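Reading the structure
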Amino acid sequence: MKTIKEFIEGDDIIGFYLLKSADLKQTNSTPPKDYFDLVLADASGEIPAKLWDVSTADKETFFPPMLVKVRGIVQKYREKPQFKVSKLRPADPEDGYTLTDFIRSAPVPPNDLVYTIKTTAAGISDTDLRRLVDYCIDKVGDKLMHYPAAKAMHHAFYAGLAYHTVRMLELAEFLCKQRPFLNRDMLLAGIILHDIAKTEEMTAELGVVSEYSFTGKLMGHLALASTWITEAAIKLEMDPASEKVILMQHMVLAHHNKGEWGSPVQPQTAEAIALHYIDQLDAKLQAAEDALDMMPDNEQWTVPLRVLEGKALYRGPKGEA
């Protein structure tokens, strides 16, 4: 069975894949007809797909994430690979596959990632900041072990949120050594908390986001994390209006930098500036790494990437191991 990374235009594919998303839409024809806008995935990557003839039974059968057996043809649409589905059915237990066979996961074991985050939190010397961080980590619980960092933009895989956080902590440690004027405790605490409320913003199973939650849609993870910090301060009998609490909220609320990106304020402390650019660097490099890893071996350019302002990446020669 071919992996998605191995798909080539014109391939007639029969195989088992993860149905990552299935959005019911309508054509522009008269009268309009229902169709499924799908995403199929495996551990090597994912591909958009279309099922044009959708029956009533189909609408009651396919609810991602789930394993499916598909038949169809690999095509190109606007220079991007796309899969035209001709047959689709749910996988049976007798087929011998499980969801975990098709799930992309962080390249570091989740236990190791969570251990690093908790060890870093324990090493924050400022008692107030450490207590705020510990409260939020405890609030998240086991979700930190498996949640993705996004639905599609970056680190959209099993344990992606923890992997993103750890990679950012590594970059922060380097910056703090290079520029000792930075408040290390504040920066590390801000990194751990900046995306932590994505565990409430999104509904996810095995690293696949099925939808944004009611609270997530109306508030978003920046506002949610800010309220968690206030909640933590109250529960821990700290003054919610104290300088440290406000600075932590500022770092969370400013880390997207611009209003159109979701931040109500722009970074106004050195640590908030560092957090924003560390976040951007890790997110963009992960998106680039994923695109290069998933592209077919016979291609030199990736598909256009939204996180990189719609630009495609050129593969280029590989460096020496």
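Cut-offs used in this document
- Residues numbered from 1 in each chain as written.
- Predicted model: local features only at pLDDT ≥ 70, side-chain atom pairs only at ≥ 80, totals over all residues.
- Heavy atoms only, no water.
- Domains from an automatic or database assignment.
- Contact = heavy atoms within 4.5 Å.
- Buried area = accessible area lost by both parts, 1.4 Å probe.
- Nonpolar A, V, L, I, M, F, W, Y, C, P; charged D, E, K, R; others polar.
- Axes fitted to C-alpha atoms, helices over the stretch in contact; angles between N-to-C directions.
- Helix = DSSP H or I, 4+ residues; strand = E, 2+ residues; numbered from the N terminus.
- Parallel < 35°, antiparallel > 145°, perpendicular 65-115°, else oblique.
- Left-handed = near helix turned anticlockwise from the far one by under 90°.

This paragraph deals with the domain arrangement of the protein chain. Size of an interface, as often reported, equals the accessible area lost when the parts are brought together. Considered domain by domain, the protein chain is made up of domain 1 (4–101) and domain 2 (110–287). Here the C-alpha centroids of domain 1 and domain 2 sit 34 Å apart. Each partner contributes to the interface: domain 1 provides six residues, whereas domain 2 provides six residues. In this assembly, domain 1 packs against domain 2 so that about 490 Å² is buried in total across both faces, 72% of it on carbon and sulfur atoms. Ranking the residues of domain 1 by area buried against domain 2 places Lys20, Pro65 and Leu99 at the top, with a combined share of 74%. Among the residues forming the side of domain 1 that touches domain 2, the class breakdown is four nonpolar, one polar and one charged.

Where helix α3 (residues 127–140) contacts helix α5 (residues 184–194), the axes come no closer than 10 Å and their chain directions differ by 10°. Looking at the two axes, α3 sits roughly parallel to α5. The way α3 lies across α5 gives a crossing that is left-handed. In contact with Leu129, Val133, Cys136 and Ile137 of α3, α5 contributes Asp185, Met186, Ala189, Ile192 and Leu193. In terms of residue class, the contact of α3 with α5 is built from eight nonpolar, no polar and one charged.

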